[in-house]
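Structural overview for review
Listed below are the residues making up each chain.
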2 protein chains.
Amino acid sequence: MKIRIGILGYGNLGRGIECAVKQNDDMELAAVFTRRDPSTVKILTEGVPVYPVSEAPAMKDKIDVMILCGGSATDLPEQTPEYVKYFNVIDSFDTHARIPEHFENVDAAAKSSGKTAIISVGWDPGMFSLNRLYANAILADGKDYTFWGKGVSQGHSDAIRRVNGVKDAKQYTVPVESALEAVRSGKNPELTTREKHTRECFVVAEEGADKAAIENEIKTMPNYFSDYDTTVNFISEEELKEKHSGIPHGGFVIRSGRTGWNGENKHVIEYSLKLDSNPEFTSSVLVAYARAAYRMNAEGQSGCKTVFDVAPAMLCRESGEELRKHLL
Amino acid sequence: MKIRIGILGYGNLGRGIECAVKQNDDMELAAVFTRRDPSTVKILTEGVPVYPVSEAPAMKDKIDVMILCGGSATDLPEQTPEYVKYFNVIDSFDTHARIPEHFENVDAAAKSSGKTAIISVGWDPGMFSLNRLYANAILADGKDYTFWGKGVSQGHSDAIRRVNGVKDAKQYTVPVESALEAVRSGKNPELTTREKHTRECFVVAEEGADKAAIENEIKTMPNYFSDYDTTVNFISEEELKEKHSGIPHGGFVIRSGRTGWNGENKHVIEYSLKLDSNPEFTSSVLVAYARAAYRMNAEGQSGCKTVFDVAPAMLCRESGEELRKHLL
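Each partner contributes to the interface: chain A provides 69 residues, whereas chain B provides 69 residues. In total, chain A and chain B occlude about 6,100 Å² of area from one another, counting both sides; carbon and sulfur atoms represent 63% of this. Interface area lost by chain A to chain B is led by Trp261, Arg324 and Leu328 of chain A, which between them contribute 15%. In this assembly, chain A and chain B are joined by zero salt bridges. At the boundary of chain A with chain B, the tally comes to 27 residue pairs in polar contact (both at pLDDT 80 or more).

We now examine the side chain of Thr230 of chain B. Residues and elements named next belong to chain B. For Thr230, the location among the structural elements is in strand β11 (residues 229–234). A distance of 3.5 Å separates a polar side-chain atom of Thr230 from the backbone oxygen of Phe225. Apart from the residues lying within four places of it in its own chain, the contact partners of Thr230 are Arg199, Cys201, Ile218, Lys219 and Phe225.

Before going further, it helps to spend a moment on the sheet that holds strand β8 (residues 151–152) of chain A. Residues and elements named next belong to chain A. A sheet is described by the order of its strands in space; here four strands give the open sequence β8-β9-β10-β11, paired in mixed fashion. The two strands at the open ends of the sheet, each matched to only one other strand, are β8 and β11 (229–234). Looking at chain direction, strand β10 (residues 197–205) and β11 are connected through six bridges and run parallel. Bridge assignment links Glu200 to a residue of β11, and that residue is Thr231. Of the strands in this sheet, β8, β9 (166–175) and β10 are in contact with helix α5 (residues 154–161), which crosses β9 at around 145°. Contacts from helix α8 (residues 211–219) reach β9, β10 and β11 within the one sheet, and its direction differs from that of β11 by about 150°.

Residues and elements named next belong to chain B. Looking at chain direction, strand β9 (residues 166–175) and strand β10 (residues 197–205) are connected through nine bridges and run antiparallel. By the bridge assignment for β10, Val174 is matched with Thr198. On the question of chirality, the crossover connecting β10 to the parallel β11 by way of helix α8 (residues 211–219) is right-handed.

Turning next to the packing of helix α4 (residues 127–138) of chain A against helix α10 (residues 278–298) of chain B. Between α4 of chain A and α10 of chain B, the shortest axis-to-axis distance is 8 Å and the interhelical angle comes to 105°. Looking at the two axes, α4 of chain A sits roughly perpendicular to α10 of chain B. For the pair α4 of chain A and α10 of chain B, contact is made by Tyr134, Ala137 and Ile138 of chain A and by Phe281, Ser284, Val285, Ala288 and Tyr289 of chain B, respectively.

Residues and elements named next belong to chain A. The final tally for this structure, using the stated rule, is 42 salt bridges over all chains. With its nearest N and O atoms 2.6 Å apart, the salt bridge here joins Arg161 to Asp158. Taken together, the residues span about one helical turn, with Arg161 and Asp158 both in helix α5 at a distance of three residues. Three or more residues are tied together by salt bridges with common partners; here these are Glu177, Glu181, Arg184 and Glu270.

Together, Glu104 of chain A together with Glu318, Glu321 and Glu322 of chain B make up a region of like negative charge exposed at the surface. Looking at the element boundaries, Glu318 of chain B is found in the loop between β14 (303–305) and α11 (320–326). Residue classification places Glu318 of chain B among the partly exposed positions, given a relative accessible area of 35%.

On to unusual backbone geometry, then. If a residue is not glycine, its phi is most likely negative; likewise, a peptide bond is most likely trans. Residues and elements named next belong to chain A. Each neighbour pair has its own omega, and for Asp124 with Pro125 the value is 5°, a cis peptide bond. Mapped onto the elements, Pro125 comes out in the loop between β6 (116–118) and α4. Here the amide bond leading from Gly149 into Lys150 is cis, since omega sits at 0°, within 30 degrees of zero. With respect to the secondary-structure elements, Lys150 resides in the loop between β7 (142–148) and β8.

On to the relation of the copies chain A and chain B. At an RMSD of 0.0 Å, chain A and chain B line up after a rotation of 180° and a shift of 0.0 Å along the axis. Such a turn and shift between the copies fits a two-fold axis. Of all interface residues in chain A, 100% are interface residues in chain B too; the two copies therefore contact each other through one and the same surface.

Next up on the list: the packing of aromatic side chains. Residues and elements named next belong to chain B. Applying the stated rule across the entire model yields 11 aromatic pairs over all chains. With 5.8 Å between their ring centres and 85° between their planes, Tyr172 and Phe202 make a pair best called edge-to-face. With a gap of 30 residues between them, Tyr172 in strand β9 and Phe202 in strand β10 connect regions that are remote in the sequence. In terms of burial, Tyr172 and Phe202 fall into one category: buried.

Here six strands make up an open sheet; going across it, the order is β7(A)-β12(A)-β13(A)-β13(B)-β12(B)-β7(B) and the pairing antiparallel. This sheet does not close on itself; its edge strands, each paired only once, are β7 of chain A together with β7 (142–148) of chain B. Neighbour-to-neighbour, the strand axes of this sheet turn through a mean angle of 10°, independent of strand direction. Examined bridge by bridge, β7 of chain A and strand β12 (residues 249–259) of chain A share seven bridges and lie antiparallel to one another. Residue pairing across strands places Tyr145 of chain A opposite Ile254 of chain A, the latter belonging to β12 of chain A. Here helix α4 (residues 127–138) of chain B sits on the sheet and contacts β13 (265–275) of chain A together with β7, β12 (249–259) and β13 (265–275) of chain B; the angle it forms with β12 of chain B, its principal contact strand, is near 5°.

Below, the discussion takes up the environment of Gly300 of chain A. With respect to the helices, strands and loops of the structure, Gly300 of chain A is situated in the loop between α10 (278–298) and β14 (303–305). A relative accessible area of 58% means that Gly300 of chain A is categorised as exposed.

Cut-offs and rules
Residues numbered from 1 in each chain as written. Chains lettered and ligands numbered in written order. Predicted model: local features only at pLDDT ≥ 70, side-chain atom pairs only at ≥ 80, totals over all residues. Heavy atoms only, no water. Contact = heavy atoms within 4.5 Å. Buried area = accessible area lost by both parts, 1.4 Å probe. Salt bridge = Lys/Arg side-chain N within 4 Å of Asp/Glu carboxyl O. Polar contact = N/O pair within 3.5 Å; in protein donor to acceptor, adjacent residues only side chain to side chain. Helix = DSSP H or I, 4+ residues; strand = E, 2+ residues; numbered from the N terminus. Pairing = 2+ DSSP bridges. Axes fitted to C-alpha atoms, helices over the stretch in contact; angles between N-to-C directions. Right-handed = clockwise from strand over helix to strand, strands pointing away. Parallel < 35°, antiparallel > 145°, perpendicular 65-115°, else oblique. Patch = residues over 30% accessible without salt bridge, like charges linked within 9 Å, V, L, I, M, F, W, Y side chains within 5 Å. Areas by Shrake-Rupley, 256 points an atom, 1.4 Å probe, with all protein chains shown as cover. Lys, Arg positive; Asp, Glu negative; His and termini not counted. Charge placed at Lys NZ, Arg CZ, Asp CG, Glu CD. Buried < 20%, exposed > 50% of the residue type's maximum accessible area, 1.4 Å probe, protein only. Least-squares fit on C-alpha atoms with pLDDT ≥ 70 in both. Phe/Tyr/Trp six-rings, centres within 6.5 Å; stacked < 30°, edge-to-face > 60°.

Written as structure tokens, this is what we have:
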């Protein structure tokens, strides 16, 4: 029997889940739930129903794992503790500072329903976190570095769009190559925010707008841009559409450290991602952890979990024997 | 109370374990066991006894985890099932083809003693295996590549030393940069053995030896060299000592794959290691898994495990709460 997946929220992430489920033949998409009018939501998979979210609880025996595709700011803090009453759930909650609080809320709800939740799944938090953990466990004496990009930051693009006179915009976060090289060399440099990343903006101005003023407002925007070397490029709407409509991302997690009786030997552990589509990759991670949630729940491991609590073999459909034979 | 570690076998790996234990203050070295005359074995840690291996079973209540530092060819297939009768054990068994058989033997012994064994720990098998598994779980439609080096291959160095007229030798396995680049580009190339790695040999010839004959014998040696582009450099004994006495290694695990309804988006996941000391890094991994074995056994998870079965949080001394706060 296949693992029956539900998708709650059908934006870029929801569509990514749908594509990822198609690639995993031990799973099937059971239903999509939306806060919009279901008749306006057209999904890719034939024969799968789209329901209003209000009908989700009634489907509790027809869905093994519900993947929650809402945003971290307001959706997930409410949705994850709510839906874990009925389903095993996965979310991609990514507000790092609020993870402890979210964990507690979800854990309490999951423990009373006997379901399994895995929160903060994706690549950061997610695969990057895992790589930080493994590298820290191995190299006790060392230093961690995380670089993001080159990739589109939705938050920064939105911030530019709110500037007066801006019609549309895309912002790329770019790691500084020389900083990456210094880290890889094992020198353990101290790097400022400005030394690690630059920000490249592609902006479509409204007709007649004051471009110098826009550029100045972007570059001096606190938190978002003022601590970075930022370049602003004005382009046409057509060019933005043609060259900047993708959602690529990626980054690097590096730990360098020392071993030996007197710390005489250096080691560098590096993990990197180069992604054409941030939401589709995130979705692929979510779907692998959906398999784990289903299996952990079947084994009686209920409550809230993170990627740190999931034994790697749980992510794969192959048996332990097959994994040892082919991947170890 | 600290986790009490025993080391069985005091060569490069055993010494690496000793250094790694020093870096982890939740652990202490309890004893070293050797097959040599203990009076001839000088260890680095003051006040720690060196015993003959025959005395190990008598220490079963004084050691929480025994780290087995023997070789995979003949030592570990006997030692791991034997010592798991008395201790939780870790080994670095690395004969990939014989892992299933070794697993079965160790599992049977561990289940009857109620101890926990984690086998095939290190970086390959070990961290590389884990990265192959995670990347496979995420990118269902993709292709795996593993490259080794630049680093010293002990087996190949030994093979050269057996050639007539060779006094000493070191062999480096070197990944081919253009092959790495082709893989990173997401092109999913088919690569032959020759296209992935080259072999660089540094050879000290006996006085009066026929160097051309030595070079020819190395380059045509089946399994070891004949399938590779091999370069042979004759150097003096002094130069070998001065420039080639380290044991560096490393390598790359890369998976590239596609997502999207029609596979329209490419992704590349890359994990790499650059190690000054192969045995010291391997030891650092073994020690982290020793902590996991101790904790898993305390939780009642006995039997034989591999890195695939160990939840990442088990490797760290920090609590789940601390890990979620600082590393997620």
